Amino acid sequence: MTLKEYADIEELSNIFSDPIQMSNLLIRIKFDTANKRMAFNESLSELERTSKTVVRDSQAVYFVLRHEEKNRVIRGILVGDYVVALVIEEAGVIKLKGKDAFSELITSYRASNPVIKLSYARIKPEVAEGTPLEGRLKEIVSRVTEEKPPHIWVGRIIYDFKVTEALSDKGGFTYVLKAIGKDGLSYVLKIPRDKLPNGTPLALSGPEKISEFMRSYINSIEVCHPDKFEVSSFLLKNGLNEDLYWELAYYRKYVLCPRGFIITYDSYDADLYLENPPVVIERYAELGDLQDYVGRKKPDAKFIVSIGIRVSGALGLAHAMSIIHLDVKPQNILLAGDKGEPYGVRPYIGDFASTTRVLEGWARPTRVTPEFADPISLIKGKAGFDYDVYSLGLTLLSSLTQIRLSHRTLVNLLALKHVHKMDISIEPFLLDHPALATFLKDVEPVFKGFAEGRVKLEELEEKTISLIAERDKMVLDVLGREVDKDLLAFLLKATSLRREERFRNAVEFWLSLKKLAAEKKWGDVIPTPTR
């Protein structure tokens with residue numbers, strides 16, 4: 001169940017809760033299902049499936065959930081997987097509506113999963129005719145149906161590129177399209193979203209947001225064209241020979257460097273955006289991302305080392321130019337076929353949308369992916385080059401073992417909630433990982449204590465490290481019997497929660513991983529650069 005809260009749920013819930021307007025709506029609808037007894041979570045899944053089907057015919061879904069034990073009635077409207085209006089009544093009186101009702105729906109009700117009675121009906125366009133909901137529902141249905149970005153561009157020509165496929169509409173900040181250029185080659189067009197999934201404007205918000213988004217990709221261009229003096233200075237500062245520049249610069253070939261940017265206007269309205277959107281043009285990596293690839297192929301340790309050497313070399317080049325990626329994860333390592341590479345696969349580190357240049361050696365983590373973020377850096381709110389080391393180490397570890405350290409993810413969610421004051425719910429994650437219930441009881445009080453001023457930052461760090469270490473043993477004892485012990489030891493060093501124990505930056509990671517490959521007689525996966 002992945003129902004989402006629509007951005008204007010408050011306004012629409014106010015209209016929806018007007019008894020006169022509701023009467024006009026209800027006398028026109030015919031229930032498809034009435035008083036079907038089932039578990040709460042099961043009912044939401046059925047509603048979501050139904051809504052995603054009928055939205056293709058420009059229809060919404062009106063639903064009623066009756067919780068007889070509490071004498072409560074939950075009423076709402078669904079468009080696709082968005083809850084656009086919601087009220088909770090108790091004994092005929094509205095107790096909660098809008099955001100508060102949605103929070104109750106996905107936390108308390110989802111967690112307790114009571115037995116309820118489900119009724120729902122399709123809202124056809126003519127049903128809402130003449131009501132205040134008519135225009136809003138048409139607008140929302142239009143946005144949620146296929147005739148919206150990114151699908152509206154499929155089959156069209158955008159700046160001499162013929163769009164053939166929408167690869168993704170699930171990215172946080174971009175729509176991703178596959179296109180054919182005039183040269184007959186395949187490319188990826190990344191278009192900043194018109195609005196974020198929660199309804200916050202991005203491309204339609206004005207020039208500042210678009211400029212900020214595009215500037216982050218310029219960092220990848222700089223890595224693809226490294227400054228020799230800057231890289232050499234970094235190497236000398238870290239006790240390395242400046243001649244290492246020539247070898248490190250070779251790894252720019254493993255950076256997914258944009259082929260171009262197109263921004264035709266200072267700001268965009270909805271029409272300009274659809275006709276001539278801002279675009280980042282990149283190479284098409286036909287083998288997909290690392291997460292999908294390892295799921296299909298189940299590669300061995302040597303393959304992971306091959307990927308790791310190339311990606312860490314590319315990240316090392318970025319670090320030598322004071323650029324931190326801040327979002328290294330399997331989905332951002334893209335793969336293309338290349339007969340000149342081991343296993344016929346060339347990896348690219350991509351998605352530089354979160355990167356930043358730093359002068360003091362650290363930055364504030366932004367656009368965090370909780371699964372691959374370093375918990376201690378997140379708690380402190382300061383990420384150095386070792387933040388990327390941690391993320392890359394965890395990326396390679398999860399790719400090798402297909403095991404996730406979900407307890408570390410839970411800690412990151414708690415940090416976002418209690419340290420960074422983000423409005424997120426832990427319950428949905430816990431429902432997917434019920435085995436972490438005991439761990440949550442141990443670790444959440446420490447975060448709450450910090451938020452309330454009873455626990456100092458240093459105490460929070462140490463207690464968190466201790467609790468995670470205890471949980472790690474349960475997972476790592478099993479891993480130690482199943483994977484290459486030398487590679488496992490290397491990756492555990494990279495993902496150590498004590499930052500002083502990690503590699504300081506990706507250059508150290510790269511040099512050490514090359515040494516490991518040589519010691520294991522895997523020299524054929526180490527690139528041999530020439531000037």
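Residues numbered from 1 in each chain as written. Predicted model: local features only at pLDDT ≥ 70, side-chain atom pairs only at ≥ 80, totals over all residues. Heavy atoms only, no water.

Considering the environment of D472
- One can find D472 in helix α17 (residues 457–479).
- C-alpha of D472 to C-alpha of T395: the two residues are 77 residues apart in sequence and 16 Å apart in space. (Helix = DSSP H or I, 4+ residues; strand = E, 2+ residues; numbered from the N terminus.)

A few points about the environment of I376
- Residue placement: I376 occurs in helix α12 (residues 375–380).
- The sequence separation of I376 and R498 amounts to 122 residues, and the corresponding C-alpha distance is 8.1 Å.
- Apart from residues no more than four positions distant in its own chain, I376 is found in contact with E461, I465, L497 and R499. (Contact = heavy atoms within 4.5 Å.)

Points about the nonpolar core
- In this structure, I309, I349, F447, L487 and F509 are the most contacted members of the largest nonpolar core, which totals 96 residues.
- No other element matches the 12 residues that helix α11 (residues 301–320) contributes to this core.
- Counting 27 residues, the second-largest nonpolar core is a separate cluster that includes I15, M22, V79 and V87. (Core = buried A, V, L, I, M, F, W, Y, C linked by side-chain atoms within 4.5 Å. Buried < 20%, exposed > 50% of the residue type's maximum accessible area, 1.4 Å probe, protein only.)

A closer look at the environment of L204
- One can find L204 in the loop between β11 (186–192) and α6 (207–224).
- Separated by 69 residues in sequence, L204 and Y273 place their C-alpha atoms 7.7 Å apart.
- In this structure, L204 is in contact with D194, Y268, D269, A270 and Y273, ignoring residues within four places of it in sequence.

Focus: the pattern of salt bridges
- With the rule as written, the count across this model stands at 27 salt bridges.
- Salt-bridge contacts for R75 lead to E89; the nearest nitrogen and oxygen are separated by 3.1 Å. You can see R75 sitting in strand β4 (residues 72–79) and its partner E89 sitting in strand β5 (residues 82–90), a full 14 residues away along the chain. Accessibility classification places R75 together with E89 in one group, the buried group.
- A salt bridge links K190 to E282; the shortest N-O distance between them is 3.4 Å. With K190 in strand β11 and E282 in strand β13 (residues 279–283), this pair connects stretches of sequence that are 92 residues apart.
- By relative accessible area, which is 8% here, K190 ends up buried.
- What makes E282 buried here is its relative accessible area of 1%. (Salt bridge = Lys/Arg side-chain N within 4 Å of Asp/Glu carboxyl O.)

Here's the deal with the side chain of Q59
- One can find Q59 in the loop between α3 (40–54) and β3 (60–67).
- Discounting chain neighbours no more than four positions away, the residues touching Q59 are V54, R122, I123, K124, P125 and V141.

Observations concerning the layout of surface pockets
- Approximately 440 Å³ is the volume attributed to the second largest pocket.
- In terms of lining residues, the second largest pocket is bounded by 20 residues, among which F234, K237, N238, G361 and F385 are the most central.
- Sorting elements by how many residues they give to the lining of the second largest pocket places helix α7 (residues 228–237) first, with 4 residues.
- Its residues assigned to classes, the lining of the second largest pocket shows 5 nonpolar, 7 polar and 8 charged. (1 Å grid on protein atoms, 1.4 Å probe; cavity = no way out; pocket = protein on both sides within 12 Å on 5 of 7 lines; lining within 4 Å. Points joined across faces, edges and corners; volume = space filled by probe spheres on them. Nonpolar A, V, L, I, M, F, W, Y, C, P; charged D, E, K, R; others polar.)

What about α3?
- The end-to-end C-alpha distance of α3, which contains 15 residues, comes to 21 Å, matching closely the 21 Å that a straight helix rising 1.5 Å per residue would cover.
- If you check which residues of α3 are buried, you get F40, S43, L44, E46, L47, E48, T50, S51 and V54. (Expected span 1.5 Å × (residues − 1).)

A few points about the packing of α11 against helix α13 (residues 385–401)
- The contact between α11 and α13 brings their axes to 10 Å, and the two run at 165°. Comparing their axes, α13 and α11 come out roughly antiparallel. Here α11 and α13 pass one another in a crossing that is right-handed. Across from A301, I304, G308, V311, S312, L315 and H319 in α11, the residues of α13 making contact are F385, D388, L392, L396, S399 and L400.
- In terms of residue class, the contact of α11 with α13 is made up of 8 nonpolar, 4 polar and 1 charged. (Axes fitted to C-alpha atoms, helices over the stretch in contact; angles between N-to-C directions. Parallel < 35°, antiparallel > 145°, perpendicular 65-115°, else oblique. Left-handed = near helix turned anticlockwise from the far one by under 90°.)

Details of unusual backbone geometry
- The backbone of N35 shows a phi angle near 50°, a positive value even though the residue is not glycine.
- Relative to the helices and strands, N35 resides in strand β2 (residues 31–39).
- When its relative accessible area of 42% is taken as the criterion, N35 is described as partly exposed.
- Phi at Y159 is positive, roughly 50°, even though this residue is not glycine.
- Mapped onto the fold, Y159 is located in the loop between β8 (157–158) and β9 (161–168).

Some thoughts on the packing of aromatic side chains
- Scanning all chains against the criterion turns up 18 aromatic pairs.
- Note on Y293 and F303: the rings are 5.4 Å apart at their centroids and 20° apart in plane angle, and the pair reads as stacked. Here Y293 is found in helix α10 (residues 290–297), whereas its partner F303 is found in helix α11, with 10 residues between them in sequence. An identical accessibility class is assigned to Y293 and F303; each is buried.
- Feature note: the residues Y250, Y251, Y254 and W510 constitute an aromatic cluster, connected by ring pairs.
- Of note, K382 hangs over the ring of W362, and the distance from its end group to the ring centre comes to 4.4 Å.
- Across from the ring centre of W522, 5.2 Å away, lies the NZ or CZ of K520, which sits over that ring. (Phe/Tyr/Trp six-rings, centres within 6.5 Å; stacked < 30°, edge-to-face > 60°. Lys NZ or Arg CZ within 6 Å of the ring centre and 35° of its normal.)

A word on the pairing of strand β16 (residues 345–349)
- Of all the 5 residues making up β16, 5 are buried; the element is thus mostly covered by neighbouring parts of the structure.
- Burial along β16 is two-sided: V345, P347 and I349 facing one way and R346 and Y348 facing the other are all buried.
- In terms of strand pairing, strand β15 (residues 333–337) meets β16 through 5 bridges, oriented antiparallel. Across the sheet, residue I333 finds its bridge partner in β16, namely I349. (Pairing = 2+ DSSP bridges.)

Concerning α11
- Over its 20 residues, α11 extends 28 Å from the first C-alpha to the last, a length consistent with the 28 Å expected when each residue adds 1.5 Å.
- The buried count for α11 comes to 19 of 20 residues, which makes it a mostly enclosed element.
- Positive backbone phi, approximately 65°, marks S322, located one or two places after α11.

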